[in-house]
Amino acid sequence: GDHRDLHVRSRRQRQMCKRDRYTEEQATKDLFLKELSQYAIIHLATHADATQENDPWISFEDEKLTLNELNLSRNNASLVMLSGCNTSIGKEEVGEGIMSLARGFFYGGSQSVIASLWSIDDTSTSSITKDFYQNLSEGQTKATALSNAKRSYLNNHQLSEQSPFYWGGLVLLGANDALPAQSDSNLLYYLLFSGILLFILYLSLIHISEPTRLGMI
């Protein structure tokens with residue numbers, strides 16, 4: 001039946017998608033730049049910032065990656081998720097636009113970037129991100145997946161936790177498409193986050209590649 005077919009397709013998808021996760025001392029700037037071009041989905045959950053005075057940066061375990069350095073990199077990402085703080089803002093350059101971290105990933109080849117408008121809340125962002133990947137795995141477009149994840153958050157929270165501060169900070173920039181289909185299924189493996197803490201570096205890269213069997217998260 002339909003339920004069994006969904007289970008089989010989900011299992012096949014888990015086998016087709018290679019996921020690499022780097023945390024703490026493994027999550028160095030050099031390794032990120034080395035591996036960057038090999039991944040279809042890049043998820044960065046780490047401290048980041050941009051002001052009018054400083055070059056935007058992303059914090060890795062050993063050192064920061066600046067926008068100037070990012071502009072020299074290349075990627076092949078269908079989607080980059082930047083769930084650090086202020087990743088869509090930056091200094092406005094005449095004739096160029098906003099010099100943000102999101103712009104740096106676009107310059108390197110990304111089709112879509114989800115970035116933040118302000119200093120986002122870790123707990124609510126973790127919840128929204130989890131549902132976003134779930135929605136993507138069901139074939140929803142990126143914008144629909146993010147919108148539905150935010151609606152789910154609102155439906156499960158109340159009072160002050162429904163403030164836009166908690167759910168409105170992440171925005172989609174670029175192409176609004178579903179993720180590339182693999183084999184006979186539009187379902188893609190998704191990440192399940194138990195939580196994201198500020199200043200604790202969590203770098204997750206999904207590599208759409210040759211079949212690899214994965215264990216449970």
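Thresholds, definitions, all that
- Residues numbered from 1 in each chain as written.
- Predicted model: local features only at pLDDT ≥ 70, side-chain atom pairs only at ≥ 80, totals over all residues.
- Heavy atoms only, no water.
- Helix = DSSP H or I, 4+ residues; strand = E, 2+ residues; numbered from the N terminus.
- Contact = heavy atoms within 4.5 Å.
- Areas by Shrake-Rupley, 256 points an atom, 1.4 Å probe, with all protein chains shown as cover.
- Patch = residues over 30% accessible without salt bridge, like charges linked within 9 Å, V, L, I, M, F, W, Y side chains within 5 Å.
- Salt bridge = Lys/Arg side-chain N within 4 Å of Asp/Glu carboxyl O.
- Lys, Arg positive; Asp, Glu negative; His and termini not counted.
- Charge placed at Lys NZ, Arg CZ, Asp CG, Glu CD.
- Phe/Tyr/Trp six-rings, centres within 6.5 Å; stacked < 30°, edge-to-face > 60°.
- Buried < 20%, exposed > 50% of the residue type's maximum accessible area, 1.4 Å probe, protein only.
- Pairing = 2+ DSSP bridges.
- Core = buried A, V, L, I, M, F, W, Y, C linked by side-chain atoms within 4.5 Å.
- Expected span 1.5 Å × (residues − 1).
- Polar contact = N/O pair within 3.5 Å; in protein donor to acceptor, adjacent residues only side chain to side chain.

Visitor: Help me understand the overall build of the chain in this model?
Guide: From N to C terminus, the chain includes seven helices and 11 strands. For the chain, long-range pairs separated by at least 24 residues make up 78% of all intrachain contacts whose partners lie at least 6 apart in sequence. Only carbon and sulfur atoms are counted for the fraction: they give 48% of the accessible area of the chain, which is about 11,000 Å².

Visitor: How should I be thinking about a negative patch on the surface in this particular structure?
Guide: Together, Glu25, Asp30, Glu61 and Asp62 line one region of the surface with negative charge. If you trace the backbone, aspartate 30 turns up in helix 2 (residues 29–35).

Visitor: Sorry if this is basic, but what is going on with the packing of aromatic side chains here?
Guide: Here a ring pair, both rings aromatic, is described through the centre-centre distance and the interplanar angle of the planes. In total, this model carries four aromatic pairs according to the counting rule given. Between phenylalanine 32 and phenylalanine 105, the ring centres sit 6.4 Å apart and the planes meet at 75°, which makes this aromatic pair edge-to-face. With phenylalanine 32 in helix 2 and phenylalanine 105 in helix 4 (residues 101–108), this residue pair connects regions lying 73 residues apart in the sequence. Using a relative accessible area of 1% as the deciding quantity, one classes phenylalanine 32 as buried.

Visitor: Looking at this structure, how should I read the environment of isoleucine 41?
Guide: Secondary-structure assignment places isoleucine 41 in strand 2 (residues 41–45). Sequence-wise, isoleucine 41 and leucine 79 are 38 residues apart; in three dimensions their C-alpha atoms are separated by 5.0 Å.

Visitor: What exactly am I supposed to notice about the sheet that holds strand 3 (residues 48–49) here?
Guide: Hydrogen bonds along the backbone pair up the strands of a sheet, which may run parallel or antiparallel. Overall, antiparallel pairing links the three strands, which are arranged 3-4-5 in an open sheet. Unpaired on one side and paired on the other, strand 3 and strand 5 (64–66) mark the two borders of the sheet. Where strand 3 meets strand 4 (residues 57–59), two bridges bridge the pair, whose relative direction is antiparallel. By the bridge assignment, aspartate 49 is partnered in strand 4 with tryptophan 57.

Visitor: I keep staring at the nonpolar core and nothing clicks. Help me out?
Guide: Soluble globular proteins tend to bury their nonpolar side chains together. Core analysis: the biggest nonpolar cluster contains 18 residues, and Phe32, Ile42, Leu44 and Phe105 have the highest contact counts within it. Every element with two or more residues in this core is listed here: strand 2, strand 6 (79–82), helix 4 and strand 9 (112–116). Considering each element in turn, this core owes the most residues, three residues, to helix 4. With sequence-adjacent residues up to four places away left out, phenylalanine 105 is seen in contact with Phe32, Leu36, Leu44, Ile58, Leu70, Asn75, Val80, Leu82, Ser110 and Val113. Core analysis: the second largest hydrophobic core is formed by 15 residues, Met81, Phe132, Ala149 and Tyr153 among them.

Visitor: Just to check I follow, could you spell out helix 5 (residues 122–137) for this structure?
Guide: Two residues of an α-helix separated by three or four positions point the same way, owing to the 3.6 residues in each turn. Helix length check: helix 5, at 16 residues, gives a terminal C-alpha distance of 23 Å against a target of 22 Å (1.5 Å per residue), a fit within 8%. Considered for burial, the residues of helix 5 that qualify are Ser124, Thr125, Ser126, Ile128, Thr129, Asp131, Phe132, Tyr133, Asn135, Leu136 and Ser137. Those residues of helix 5 that are buried are in contact with strand 2, strand 6, strand 9, helix 6 (142–155), helix 7 (164–167) and strand 10 (170–174). By the N-cap criterion, in which a side-chain oxygen at the helix start approaches the backbone nitrogen of a residue two or three places on, helix 5 is capped by aspartate 121, the distance to threonine 123 being 3.3 Å. Just past helix 5, the residue glycine 139 takes up positive phi, approximately 95°.

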